[in-house]
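Below, each chain spelled out in residue letters.
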Amino acid sequence: MKSLTQDINTGYKKRMKGKTTMPKVGIVMGSDSDLKVMKKAAVMLEKLGIDYEMTIISAHREPDVFFEWARAAEGKGIKVIIAGAGMAAHLPGMCAALFPMPVVGVPMSGKNLGGEDALFSIVQMPPGIPVATVAIDGGMNAAILAAKILAVSDGELLDKLKAYTAEMKETVQAKAAKLEEIGYEAYLQDK
Ligand code: C2R
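Model, not experiment: these values are computed from the prediction.

## Focus on helix α4 (residues 91–98)
- Counting buried positions along α4 gives six out of eight residues, so the element sits mostly inside the fold.
- For α4, the set of buried residues is Leu91, Pro92, Gly93, Met94, Cys95 and Ala96.
- Those residues of α4 that are buried lie in contact with β1 (25–29), α3 (63–72), β3 (80–85), β4 (103–107) and α5 (116–123).

## Things to note about the nonpolar core
- Counting residues in hydrophobic clusters, the biggest one holds 47 residues, and the most contacted among them are Val25, Ala41, Ile81, Ile82, Cys95, Ala143 and Ala146.
- For this core, the element with the most residues is helix α6 (residues 139–151), which contributes seven residues.
- Leaving out residues up to four positions away in the same chain, Ile82 has contacts with Val25, Ile27, Ala41, Val104, Val106, Ala142, Ala143 and Ala146.

## Structural notes on the site of the ligand
- Near the ligand there are 18 residues, and of these Gly30, Ser31, Ser33, Ser58 and Gly86 occur at the shortest range.
- Tallied by class, the residues present in the shell around the ligand amount to eight nonpolar, eight polar and two charged.

## As for the sheet that holds strand β5 (residues 132–133)
- Strand order in this open sheet of five strands is β2-β1-β3-β4-β5, and the pairing throughout is parallel. One side of each edge strand has no neighbouring strand; the edge strands of this open sheet are β2 (52–56) and β5.
- Summarising the sheet, β1 and β3 pair through five bridges and their orientation is parallel. Within the sheet, the bridge partner assigned to Val28 lies in β3 and is Ala83.
- Here α5 sits on the sheet in contact with β3, β4 and β5, set at roughly 165 degrees to β4.

Procedures and definitions
Residues numbered from 1 in each chain as written. Predicted model: local features only at pLDDT ≥ 70, side-chain atom pairs only at ≥ 80, totals over all residues. Buried ≥ 20, exposed ≤ 12 C-beta atoms within 10 Å, placed from the backbone. Helix = DSSP H or I, 4+ residues; strand = E, 2+ residues; numbered from the N terminus. Contact = placed C-beta atoms within 7 Å. Core = buried A, V, L, I, M, F, W, Y, C linked by C-beta atoms within 7 Å. Near = placed C-beta within 6 Å. Nonpolar A, V, L, I, M, F, W, Y, C, P; charged D, E, K, R; others polar. Pairing = 2+ DSSP bridges. Axes fitted to C-alpha atoms, helices over the stretch in contact; angles between N-to-C directions.

Geometric descriptors of this kind do not, in isolation, establish any biological role.
Structural data, given as structure tokens:
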């Protein structure tokens, strides 16, 4: 019987067949239970106009599929991998072992231990195999970090990131102006 993950991967390959865009970022997660967090990475990459591919692969549960994907990533044009996993999260570290360019790891909060298990599994890599680890459930920051890595050699993307930073500044300033104008009680009621 085919597993859910195999179904998703087969579906993914069918969807990608004939597509001409070269993904610059590979988003991979250990399970569909990680998708709510990893979706945030996809949304941010879309906002910044970065081509990506997204799939579910477990290094633990299907090491052969994982090896094939991680070894093929460079040849597909992928420059950064964003890898999300929970529990004993070996997926990002194994991506870093096989893929020669940067890997950004996203620890999942999951059901137990508040995600500290995944955080330590991802961040505590042995010397020589770094994974740039973002916060627990930090899908959005993983995409921004991946974009910043790509922006080192892409001026247009760098401008988009600068515009995004300026947008954030305006948002905070608007909040400060509102608080100063109406006071904290009215502000909280209005939230
Ligand atoms: P299920 O919800 O499928 O039981 O998975 C997944 O990333 C997920 O957060 C529970 C958790 O197991 C994680 N997982 C890994 C790996 N494969 C699955 N950490 C891996 O290869 O590292």
